[in-house]
Amino acid sequence: MDFALNQKTVSGLGFPAFLDLAAELGCVGVEPRNDLGRPFFDGLPPARAAAMARERGLRLLGLSEVYGFDDWTPGRRDAVAALIEAADAAGAETISLIPRVDRRDPDAGARARNLREVVAAIAPMLAGTAVTALLEPIGFAECSMKFQREAVAAIEDLGLGERFGIVHDTFQHALATDGDYLVAHVRMVHISGVAGTGALTDGEDAARGLLDEGDRTGAVEQIRRLIAAGYRGPFSFECTDPGIRERSDPKAPIAGSIAYLRRTISGADTLTGSSAARL
C-alpha cells in the first residue's frame, strides 16, 4: 500500500515538520490544507513549498479544500479559482471540493441538475493546468452529495472523467451506508477509524482517529475491496481526533497504524494474487 498524510491529521505541526514526518513514515505524498487557521504552506511561496516536498521525495497529492462548492455563487467561484491557481502554482495533482451540508433541495433530481451545472462551470477553470478536481461525497443525511454514484453521474454525463474524480473517505462511506465502489473514478482514499460501539453518527466526524483493531467503520474491509477492484492510488490518513492532531510527536502512533494495515491487508484472503503482491 502507498500511504499519504493529510495535514489535518497533524495540524499542530508547521509545514516543514509536516513534510519531514511524512518522509520519515515512508509516505508517497501529502495533502496540505487551507482550513487550519493559516494559509497553505504556512505562507511559503507555492514554488518553494513544492521544492521542499520534492527534496524529501514527496508528491503534493492535493490541496484541500473548498466547502459547499455546489452552492455556486460568485464567491464560491472565486474560491474554486483560487484553489486551482494555488494547486497549479505548486504543482499539486488535485484539489478537493466538498459539497454543502444543509437541508436545501430535498428533491434528488434538482440536486443532480445543480451538480451537473456546477461541474460544467468548473471544467473550463481547469483548462491549461494539470490539476484534477476531486468531488468528495459526505455521508451526513442532509448532505447534497452523499453517494459516490451521484458524483460519478455528473462526471460521466458531462464526459469529464479526465478532469474530475472522487475521494473515497472510509468514514463518510460507512456513515452513508454507500454500497458503491466506483474505483474507476477514485483518485484518493482517506482513511481513519472510529472506536466504540453502536451505529455511527454525524457527530463522530470530529473524532476520527487512526485505524487499529478497535475500528467499527469497516475501513479495513473497504480498503480490501478497493484494492481488489483495482485501486492503485494512495491511502491518506485524514484524522480529526484532537488526541492525534495536537500531539507534538505523532510519528509512533501513525507508524503503528501503518504497520497494522500492512499486516492486516496483506493477509487478506479476499485479495487477488496481483493485489496481494503489491502490499
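Look a little higher up for the structure.
What counts, and at which threshold
- Residues numbered from 1 in each chain as written.
- Predicted model: local features only at pLDDT ≥ 70, side-chain atom pairs only at ≥ 80, totals over all residues.
- Heavy atoms only, no water.
- 1 Å grid on protein atoms, 1.4 Å probe; cavity = no way out; pocket = protein on both sides within 12 Å on 5 of 7 lines; lining within 4 Å.
- Points joined across faces, edges and corners; volume = space filled by probe spheres on them.
- Nonpolar A, V, L, I, M, F, W, Y, C, P; charged D, E, K, R; others polar.
- Salt bridge = Lys/Arg side-chain N within 4 Å of Asp/Glu carboxyl O.
- Helix = DSSP H or I, 4+ residues; strand = E, 2+ residues; numbered from the N terminus.
- Buried < 20%, exposed > 50% of the residue type's maximum accessible area, 1.4 Å probe, protein only.
- Expected span 1.5 Å × (residues − 1).
- Arc of directions from axis to C-beta.
- Core = buried A, V, L, I, M, F, W, Y, C linked by side-chain atoms within 4.5 Å.
- Contact = heavy atoms within 4.5 Å.

Colleague: Can you lay out empty space enclosed by the protein for me, pointing to particular residues and giving the numbers?
Modeller: Taking a probe equal in size to a water molecule and rolling it over the atoms shows the remaining empty space. Counted by the stated rule, this structure contains 1 cavity of 30 Å³ or more. Its boundaries defined by the atoms lining it, the largest cavity holds a volume of some 60 Å³. Lining the largest cavity are Pro137, Lys146, Gln148, Val167, His168, Asp169, Gln172, His173, Ala176 and Asp178. When grouped by side-chain class, the residues that make up the lining of the largest cavity number 3 nonpolar, 4 polar and 3 charged.

Colleague: Explain the pattern of salt bridges residue by residue, including any values.
Modeller: The tally for this structure, following the rule as stated, stands at 21 salt bridges. The salt bridge involving Asp178 is made with Arg149; its shortest N-O contact spans 3.9 Å. Of this pair, Asp178 sits in the loop between helix H6 (170-176) and strand E8 (186-191) while Arg149 sits in helix H5 (residues 148-157), and the two are 29 residues apart along the sequence. Given the relative accessible area of 7%, Asp178 is considered buried. One salt bridge connects Arg149 with Asp180, and the closest N-O pair in it is separated by 3.0 Å. On the criterion of sequence distance, the pair formed by Arg149 in helix H5 and Asp180 in the loop between H6 and E8 is long-range, its members being 31 residues apart. The network of salt bridges with shared partners includes Arg33, Asp35, Glu65, Asp169, Asp205, Arg208 and Glu238.

Colleague: Outline helix H3 (residues 74-90), supporting the account with residue identities and numerical values.
Modeller: The terminal C-alpha atoms of H3, which comprises 17 residues, lie 24 Å apart, in line with the 24 Å expected from a rise of 1.5 Å per residue. Within H3, the full set of buried residues consists of Val80, Leu83, Ile84, Ala86, Ala87 and Ala90. For H3, the buried positions fall inside an angular range of 160 degrees around the axis, keeping them on one side. In H3, those exposed residues whose orientation departs by more than 90 degrees from the buried face are Pro74 and Glu85.

Colleague: Before we move on, can you summarise unusual backbone geometry with the specific residues and values?
Modeller: In this structure, the amide linkage connecting Ser64 to the following residue, Glu65, adopts the cis form with an omega of 5 degrees. For Glu65, the position within the fold is in strand E4 (residues 63-67). We note that Asp42 has phi near 55 degrees; this positive angle belongs to a residue other than glycine. With respect to the secondary-structure elements, Asp42 resides in the loop between strand E2 (29-31) and helix H2 (46-55). Positive phi values are uncommon outside glycine, yet Thr177 reaches one of about 50 degrees. With respect to the helices and strands, the residue Thr177 is situated in the loop between H6 and E8.

Colleague: Please set out the nonpolar core residue by residue, giving values where relevant.
Modeller: Membership of the largest hydrophobic core comes to 73 residues, with the highest contact counts inside it found for Leu97, Phe164, Phe235 and Leu261. Counting residues per element, this core draws most heavily on H3, at 6 residues. Core analysis: the second largest hydrophobic core is formed by 9 residues, Ile98, Ile138, Phe171 and Leu200 among them.

Colleague: Outline helix H1 (residues 15-24), listing residues and values.
Modeller: Among all positions in H1, only Phe15, Phe18, Leu19, Leu21 and Ala22 are buried. In a view along the axis of H1, the buried residues occupy a sector of 160 degrees, so they form one face of it. The secondary structure elements touched by the buried residues of H1 are strand E1 (3-6), E2, H2 and helix H9 (251-266). Gly26 lies just past H1 and shows a positive phi near 80 degrees.

Colleague: Could you give me a rundown of the layout of surface pockets, with the residues and numbers involved?
Modeller: Counted as a void, the largest pocket has a volume near 250 Å³. With 3 residues, E4 is the single largest residue contributor to the lining of the largest pocket. In terms of residue class, the lining of the largest pocket is built from 6 nonpolar, 5 polar and 8 charged. Looking at the second largest pocket, its volume works out to about 180 Å³. Residue lining of the second largest pocket: 15 residues in total, with Gly193, Gly209, Leu210, Leu211 and Asp212 positioned closest to the centre. The residue makeup of the lining of the second largest pocket, split by class, is 7 nonpolar, 5 polar and 3 charged.

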